[in-house]
Amino acid sequence: MTLNVIGPQPFARDADGRPATHIGTVFPGRATLVTLPGIHATQRLAFLDQVNEQRQRLGQPPLTATEEELELTHSVDLIIAEDQILIRPDPERMDLAFAADDLLQNLVSKRFIHFLFVMDQRVRDALKIHGECWRISPMPRSREDMRRLIATSRVAIHEQPIYYYNRFRGARYVTCAEFARLGALDAAALGRQLQEIADHAARPNRGGTAEVEFFGLAAGEFGAGDFEGADFSALPEADLRRRHAELAERFRRACSPDLREDDPAAETWCNEMLSALISQRDQTITVDVLRDLSPEFYMQVEWLPGGCFEEGEFILDPIFEEGDRHPEDAALRALCDPLVREFIFNFVREYGSLEYVNVGRIPQSLSRRRQHSGGARRSVYLAELKVRGMPAPIVRFLRFQKWGIREHLDEGKDLLRAILESEEYTDYVQDRRLGVLQLGMHLAPGLSLRRTRERYAGSRPEMMGHWIPVIYRERDYLHGLATDKLPLSKLLNGAYAVRVAELLGRAAAVNLICGRALETTKEVIFDDGDEVIMEDPATGLPADLIVSDPSGAFADYRRAPVEAAADYARPVNVRVGRVPDARAFGAAYLGTLREEFVRIQRDYRRR
């Protein structure tokens, strides 16, 4: 269906090179997109004007008030960012949001169209069922991403681009410094700008949020009421500038001292502005799309296209066809990960009838340890799948074998040797797991060895494009907290801290005995991301400690325990000042370490 556009094209630029518009409104029933500069309310009025003009040309009466209201309720708000269109859906009308999405794909690729309001269960579930968690608007991951988001949030209504736009709530923030700088405008421009602020600070949008708000208010009163009683556009210049100076001083006094100057390089200002810009209605994003992911995975999962299930059959996302048509597009190639399809096929083989599957990639290790693995693979994925008839979804963690056929081929080995060494390494990893289990290490349950295939794309031209086997391990996702990332609020609870110390001590004994360390440097691996605290749902206190991955086990098992004393004292030393009683923490840690070490030693000697 052809989409009628009223206004500039979504990513068009004005004469100064700035975006020609930052918002849009889609009317799916009439296949119309309005992108005229202004606010969503004025775009809806422009749409009604066009409909009535068309009716007049056809000799029909204008829409009644009831008909106009009906037209407006069937609209969908958009935010047009630098390189993407963000759909701000009504959670009760996801059908309208998806209809708008289908129409927008006539203008741009679906990879540039994303959805907001992921914190709403209805939005999240609708996207999950479509297998489209990857369509959720991503949050900034790095400090650079955060600053870029702030910089690209600068928008105008009709006058100067002085506002920072919250794409979730629709609020436009004026900062204290930006408001003060208005004094440099000529009288006519200053009057229009102040009147624009006054009008829109008093006007709520369809979500009940004021169109213009004031950033960083900490004390005192400052807001729309301060602008009442004046027609700024008609004030004499002297009165206008005096009134602006009074308002600027009132704003400054009400604003937090740390936020009076705009400084994206200042951590406080940057964090506060980012919080204001990504708050959704009255919530701030604090977890990922899978609501019960650990905080360490907060905003770390890069969701990828997969597909959806229709009448039990898996339908691959059309974005993969687009990727096949444009092999030169590196970003599209990275998005359309072919391994996702292979994962989903394995899930279908194992579980049978599925409602949905969403697969994400974890682009970087969450461990703080230094990696020294040369060309080894460290690909890690996360999948949430819903089996038809089961009450809750399943979350699975997928990690590729570090040394597989591809890696050995890249080392220059022939195919047979690469296959044999890959199999040997598989057996080694499995035996290593058996060894630590025999010693009593608590490992993540539900581990399965999986095989799939991939096209070779390494350094060997004669093998390029050939299908080769690849091995990965799949396990249950641990709904817990990594010991090195426990929040201070939990450690300040004395009972909680002592229980953590006991569990860490018990885990340290097995870790010490099996000599878990980096293979190259022999640096001890412990308490740096793999140890996960599982809490008792009833008490909230630690109930168990599970090791998510025993990598490095037996790499340095001949080392005398006394030589590693400093490394195993570190879990206590780094928490001095973070727990209420460091001596009690240390005593609990050493007590259970000794107790568990002696128990394992006794069992070993006996058997």
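Thresholds, definitions, all that
- Residues numbered from 1 in each chain as written.
- Predicted model: local features only at pLDDT ≥ 70, side-chain atom pairs only at ≥ 80, totals over all residues.
- Heavy atoms only, no water.
- Helix = DSSP H or I, 4+ residues; strand = E, 2+ residues; numbered from the N terminus.
- Contact = heavy atoms within 4.5 Å.
- Pairing = 2+ DSSP bridges.
- Buried < 20%, exposed > 50% of the residue type's maximum accessible area, 1.4 Å probe, protein only.
- Right-handed = clockwise from strand over helix to strand, strands pointing away.
- Core = buried A, V, L, I, M, F, W, Y, C linked by side-chain atoms within 4.5 Å.
- Polar contact = N/O pair within 3.5 Å; in protein donor to acceptor, adjacent residues only side chain to side chain.
- Arc of directions from axis to C-beta.
- Axes fitted to C-alpha atoms, helices over the stretch in contact; angles between N-to-C directions.
- Parallel < 35°, antiparallel > 145°, perpendicular 65-115°, else oblique.
- Left-handed = near helix turned anticlockwise from the far one by under 90°.
- Nonpolar A, V, L, I, M, F, W, Y, C, P; charged D, E, K, R; others polar.
- Salt bridge = Lys/Arg side-chain N within 4 Å of Asp/Glu carboxyl O.
- Phe/Tyr/Trp six-rings, centres within 6.5 Å; stacked < 30°, edge-to-face > 60°.
- Lys NZ or Arg CZ within 6 Å of the ring centre and 35° of its normal.

### Points about the environment of G306
Line of reasoning, step 1. With respect to the element layout, G306 can be found in the loop between β13 (302-304) and β14 (307-310).
Line of reasoning, step 2. Along the sequence, G306 and R460 sit 154 residues apart, while their C-alpha atoms lie 29 Å from each other.
Line of reasoning, step 3. Apart from residues no more than four positions distant in its own chain, G306 is found in contact with G131, F314, I315, L316, D317, F320, V340 and I344.

### Considerations on the sheet that holds strand β7 (residues 154-155)
The pairing of strands in a sheet happens through backbone hydrogen bonds and is either parallel or antiparallel.
Line of reasoning, step 1. Read from one edge to the other, the open sheet built from four strands follows the order β7-β8-β9-β10, with strand pairing classed as mixed. Each having just a single partner strand, β7 and β10 (212-214) make up the two edges of the open sheet.
Line of reasoning, step 2. Where strand β8 (residues 163-165) lies against strand β9 (residues 172-174), two bridges are found, and the strand directions are antiparallel. If you follow Y164 over to β9, its bridge partner there is Y173.

### What about the pairing of strand β5 (residues 85-88)?
Line of reasoning, step 1. Side chains of β5 alternate between two faces, with I85 and I87 and L86 and R88 buried alike.
Line of reasoning, step 2. Strand direction decides the pairing type here: strand β4 (residues 76-80) and β5, joined by four bridges, are antiparallel. Residue pairing across strands places I79 opposite L86, the latter belonging to β5.
Line of reasoning, step 3. Counting the residues that bridge the hairpin from β4 to β5 gives four residues.
Line of reasoning, step 4. A crossover links β5 with its parallel partner strand β6 (residues 113-115), the connecting element being helix α3 (residues 94-104), and its sense is right-handed.

### Focus on the nonpolar core
Line of reasoning, step 1. Ranked by size, the top nonpolar core spans 89 residues in total, and within it L104, F179, I197 and F227 carry the most contacts.
Line of reasoning, step 2. Here L104 is in contact with L3, V26, L33, L78, I85, I87 and I113, once residues within four sequence places are set aside.
Line of reasoning, step 3. In this structure, L486, L491, V500 and L512 belong to the second largest nonpolar core, which totals 33 residues.

### Brief notes about the side chain of E211
Line of reasoning, step 1. When you line up the elements, E211 lands in the loop between α7 (187-201) and β10.
Line of reasoning, step 2. In this structure E211 comes out as buried when scored by relative accessible area, which is 4%.
Line of reasoning, step 3. Reaching out from E211, the side chain makes a polar contact with the side chain of R172 at a distance of 2.6 Å.
Line of reasoning, step 4. When near neighbours in sequence (up to four residues on either side) are disregarded, E211 contacts I39, G170, A171, R172, H200, R203 and N205.

### Quick look at helix α5 (residues 143-152)
Line of reasoning, step 1. Taken as a whole, α5 has its buried residues at M146, L149 and I150. Viewed along the axis of α5, the buried residues span an arc of 100 degrees, placing them on a single side of the element. Facing away from the buried side of α5 by over 90 degrees, the exposed positions are E144 and A151.
Line of reasoning, step 2. Taken together, the buried residues of α5 touch β7, β8 and α9 (267-278).

### Remarks on the packing of helix α17 (residues 565-573) against helix α18 (residues 582-606)
Line of reasoning, step 1. Remark: α17 packs on α18, axes separated minimally by 9 Å, with the N-to-C direction vectors making an angle of 140 degrees. It follows that α17 is oblique to α18 by the angle criterion. By crossing handedness, the relation of α17 to α18 is classed as right-handed. Of the residues in α18, those touching α17 at Y568, P571 and V572 are F585, G586 and Y589.
Line of reasoning, step 2. Class assignment of the residues belonging to the contact of α17 with α18 gives a composition of five nonpolar, one polar and no charged.

### A short note on the pairing of strand β18 (residues 394-400)
Line of reasoning, step 1. Of all seven residues in β18, six are buried; the element is thus mostly enclosed.
Line of reasoning, step 2. Across six bridges, the pairing between strand β17 (residues 380-387) and β18 is antiparallel. Each bridged residue has a counterpart across the sheet, and for V380 the counterpart in β18 is R399.
Line of reasoning, step 3. What sits between the antiparallel neighbours β17 and β18 is a turn of six residues, in which G389 has the positive phi angle 95 degrees.
Line of reasoning, step 4. Direction of pairing for β18 relative to strand β20 (residues 467-476): antiparallel, over a ladder of five bridges.

### Examining the pattern of salt bridges
As a working rule, side chains carrying opposite charge can pair if their charged atoms are close by.
Line of reasoning, step 1. Overall, the coordinates contain 53 salt bridges when judged by the stated rule.
Line of reasoning, step 2. A salt bridge links D603 to R607; the nearest nitrogen and oxygen atoms lie 3.9 Å apart.
Line of reasoning, step 3. Residue classification places D603 among the buried residues on the basis of a relative accessible area of 17%.
Line of reasoning, step 4. Residue R607 is classed as exposed on the basis of its relative accessible area of 74%.
Line of reasoning, step 5. Look at the salt bridges and you will find they share partners, linking D101, K110, E132, R135 and D317 into a network.

### Here we look at the environment of L116
Line of reasoning, step 1. Structurally, L116 is set in the loop between β6 and α4 (121-129).
Line of reasoning, step 2. L116 gets classed as buried once you look at its relative accessible area, which sits at 1%.
Line of reasoning, step 3. Along the chain, L116 and D90 lie 26 residues apart, while their C-alpha atoms are 9.9 Å from each other.
Line of reasoning, step 4. Those residues in contact with L116, other than ones at most four positions away along the chain, are I79, L86, I87, R88, P89, V123, S137, R167 and F168.

### Here we look at the sheet that holds β13
Line of reasoning, step 1. An order of β13-β16-β17-β18-β20-β19 is seen for the six strands of this open sheet, with the pairing classed as antiparallel. In the strand order of this sheet, the two ends are held by β13 and β19 (448-455), each with one partner. Pairwise comparison of adjacent strand axes, ignoring direction, gives a mean angle of 35 degrees for this sheet.
Line of reasoning, step 2. Of the strands in this sheet, β16 (354-361) and β17 touch α4, which is tilted by about 95 degrees from β16.
Line of reasoning, step 3. Against the sheet, helix α14 (residues 415-439) engages β19 and β20, with an angle of about 10 degrees to β20.

### Considering the packing of aromatic side chains
Line of reasoning, step 1. Tallied over the entire structure, the rule returns 25 aromatic pairs.
Line of reasoning, step 2. Ring plane angle 70 degrees and centroid distance 5.0 Å describe the contact between F343 and Y472, whose orientation is recorded as edge-to-face. In this pair, F343 sits in helix α12 (residues 338-351) while Y472 sits in strand β20, placing the two residues 129 residues apart along the sequence.
Line of reasoning, step 3. Y472 sits in the buried class, given a relative accessible area of 0%.
Line of reasoning, step 4. For the ring pair F347 and Y351, a centre distance of 6.4 Å and an interplane angle of 40 degrees mean the geometry is tilted. Here the residue F347 and the residue Y351 both occupy positions in helix α12, the gap between them amounting to four residues, near one helical turn.
Line of reasoning, step 5. On the basis of relative accessibility, which here comes to 1%, the residue F347 falls in the buried class.
Line of reasoning, step 6. Accessibility expressed as a relative area gives 23% for Y351, which makes it partly exposed.
Line of reasoning, step 7. Chaining the aromatic ring pairs together yields one cluster made of F179, F214, F222, F227, F232 and F251.
Line of reasoning, step 8. The ring of W134 carries R135 above its face, with NZ or CZ at 5.7 Å from the centroid.
Line of reasoning, step 9. Over the ring of F397 we find R475, and its NZ or CZ is 4.2 Å from the ring centre.

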